[in-house]
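Topology and contacts: notes
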Amino acid sequence: MNRMTEEGKKQLEALVAQVMEDCSARGVAVGIVNAKGEIQYEQYFGYRDEENKLPINRDTIFGMASVTKSFTALSIMQMQMDGILSVDDPVSKYIPEFTNKNQDQPVKLWHLMCHSGGYFPLPRIVVDKTAQAMGIEDTLEEELIYRKDFADEGIRLVAERLDNQTRFTGRPGQRMSYCNDGFGLLSDIVRRHSDCDSFAEYLDKHVLKPIGMDRSNTSFIRNTLDENAAVLYSFENGEWRADRDYQNDAFVLHGGGGMKSTMGDMLKYAVMYLNEGTAENGNQIVDRYSIQEMRKPRQFMKPGIYYGYGLETKQLEDRAVYEHGGSLPGVSSNFSFCPQEEVGIVVLCNTMDVSVAAIADAALRAYCGLDVQEVRQNHNIRSWSRQEVEELAGRYVSGEGDTFELTEENGTLSMKVNGNPTDLQAVYPWQGMVRKKYSDIYLTAIRDEEGHVYAAHYGSRIFPKEIN
């Protein structure tokens, strides 16, 4: 039975319109499916190509960005089920280029699967620049995603860079800081130790085709040339860019963000999770144990949200929701499922930095008969202590390019993010919050054994504090 009421649809679609206006979104796709594969809601807003007014449909290809991480974790769990590896094994067992030389304890597969290898954010090693340095091109006859020499160079660059780190967020497994490099290593383990010659081939053979996801892939050039692939809209250097450059800012190893898919395919993917490893067509992709292990909360992200293996877990009232979002130039994506309500929700957008997670939450609320507007957490007003102000004040720099500064002003802390003044509210000891329109970002101090702040968790990353 479809539980979405007309009032629920009206509220949801009003929120979608508001998000699209606030974020300059060109096209948004929203779908809800139940565990039987029955579509509960499906609607397309805006365009896949705004200039030519071309509509979105169920087969329109969108970038998935970091939703890919669930596919990578699923692949590792399949290989564990098949006895090829164990998530408790050291990464160096499978990738000899990765030596762990500056860490006292080994980084294990499961550490990478929940972003807890100990690494601060690093500059992105990208596809186009790596290919250019190698003097090779992406062609339909010889795609980069299948080339052994390209994968070998990618893993060499990433492993070498991780090994050269001398400052860490903590011990392996201690705390979470979002790390695309780690999922890149995981996808290379799949390439090297499965029955396939590439991560792309493995996904196609063991995940996509068995589920029936016939329009999904990790290709760049095929989607660039596909008539029904979304034009990507990104705001770069002060102006909008519109193209089908699916290589733009793409990571050199594909397990962190390489997937492209469609609404039709992603709804099938959600059904597989709702049935704990069995696809709508009856094919078993993985066992129940593996799906349950992926969902298990393992690392704290922010109040109310934890990270498992390639999936985040949170609560919507008394319902458990498992999800992953994604963001790249021209890509905002969100995939979620709620076992208690037996529904999966997919929100896809061809514009960067769009609050698609807010749309996904609103869709679930509307389906459950709740008001689509989230009730936000209100905190008691508190002041920073003298010790907090002195320890937290400083500059924090992410290798990915973001920076924030905390400065003492009149006994409290003022904040600038990438040079822009930002309203930081003290909410708990050693923790502050920045309230955005559609989400809250928490800042949490990371302190050493002596109590000194050496980093801060902001959003999903841990930023190292600059050493004076």
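Before reading on, note that the structure itself is shown above.
Residues numbered from 1 in each chain as written. Predicted model: local features only at pLDDT ≥ 70, side-chain atom pairs only at ≥ 80, totals over all residues. Heavy atoms only, no water.

The next subject is the overall build of the protein chain. Scanning the protein chain from terminus to terminus reveals 12 helices and 21 strands. Taken over C-alpha atoms, the radius of gyration comes to 22 Å for the protein chain, in line with the 23 Å a tight globule of 468 residues would show. Along the first, second and third principal axes, the C-alpha set of the protein chain runs to 60 × 55 × 45 Å. Expressed as a percentage of the 468 residues in the protein chain, the buried residues total 58%. The long-range fraction of contacts in the protein chain, counting pairs at least 24 apart against all pairs at least 6 apart in sequence, stands at 63%. Carbon and sulfur atoms form 45% of the exposed surface of the protein chain, whose accessible area is close to 19500 Å². (Helix = DSSP H or I, 4+ residues; strand = E, 2+ residues; numbered from the N terminus. Rg over C-alpha atoms; globule rule 2.2 N^0.38 Å. Buried < 20%, exposed > 50% of the residue type's maximum accessible area, 1.4 Å probe, protein only. Contact = heavy atoms within 4.5 Å. Areas by Shrake-Rupley, 256 points an atom, 1.4 Å probe, with all protein chains shown as cover.)

Once that is clear, we can look at the state of the cysteines. Counted under the stated rule, the structure contains 0 disulfides. Not part of a disulfide, Cys23 finds its nearest cysteine sulfur in Cys349, a span of 8.2 Å. (Disulfide = S-S within 2.5 Å.)

Below, the discussion takes up empty space enclosed by the protein. Across all of its chains, the model carries 3 cavities of 30 Å³ or more by this definition. Estimates place the volume of the largest cavity at around 120 Å³. Every residue lining the largest cavity is counted, 16 residues in all, and those nearest its centre are Ala151, Asp188, Arg191, Phe199 and His254. Within the residue set of the lining of the largest cavity, elements represented by two or more residues are helix 5 (148-163) and helix 6 (180-193). When its residues are assigned to classes, the lining of the largest cavity shows 8 nonpolar, 3 polar and 5 charged. Empty space within the second largest cavity amounts to approximately 70 Å³. Every residue along the wall of the second largest cavity is listed here: Phe120, Pro121, Leu122, Pro123, Arg124, Arg161, Tyr178, Cys179, Asn180, Asp181, Phe251 and Glu400. Its residues assigned to classes, the lining of the second largest cavity comprises 7 nonpolar, 1 polar and 4 charged. (1 Å grid on protein atoms, 1.4 Å probe; cavity = no way out; pocket = protein on both sides within 12 Å on 5 of 7 lines; lining within 4 Å. Points joined across faces, edges and corners; volume = space filled by probe spheres on them. Nonpolar A, V, L, I, M, F, W, Y, C, P; charged D, E, K, R; others polar.)

Attention now moves to the sheet that holds strand 16 (residues 420-422). Taken together, the 4 strands give an open sheet; going across it, the order is 13-14-15-16, and neighbouring strands pair in antiparallel fashion. Because the sheet does not close on itself, it has two edges, and the strands there are strand 13 (394-397) and strand 16. Each adjacent strand pair in this sheet contributes to an overall mean axis angle of 25 degrees, direction not counted. Bridge analysis of strand 13 against strand 14 (residues 403-409) gives 4 bridges, and the strand direction is antiparallel. Across the sheet, Tyr396 pairs through a bridge with Phe404, a residue of strand 14. (Pairing = 2+ DSSP bridges. Axes fitted to C-alpha atoms, helices over the stretch in contact; angles between N-to-C directions.)

Time to look at the pairing of strand 19 (residues 440-447). Here strand 19 lies mainly inside the structure; 6 of its 8 residues are buried. Pairing geometry for strand 18 (residues 431-435) and strand 19, over 5 bridges, is antiparallel. From the neighbouring strand, Gln431 faces strand 19, where its bridge partner is Thr444. Linking strand 18 back to strand 19 in an antiparallel pair, the connection comprises 4 residues.

Glancing now at helix 4 (residues 127-134). One turn of an α-helix holds 3.6 residues; hence residues three or four places apart share an orientation. Of the positions making up helix 4, those classed as buried are Val127, Thr130 and Ala131. Projection of helix 4 onto a plane perpendicular to its axis shows the buried side chains occupying an angular sector of 95 degrees, all on one side. The exposed set on the far side of helix 4, more than 90 degrees from its buried face, consists of Lys129, Gln132 and Ala133. After helix 4 finishes, the residue Gly135 shows a positive phi value of roughly 75 degrees. (Arc of directions from axis to C-beta.)

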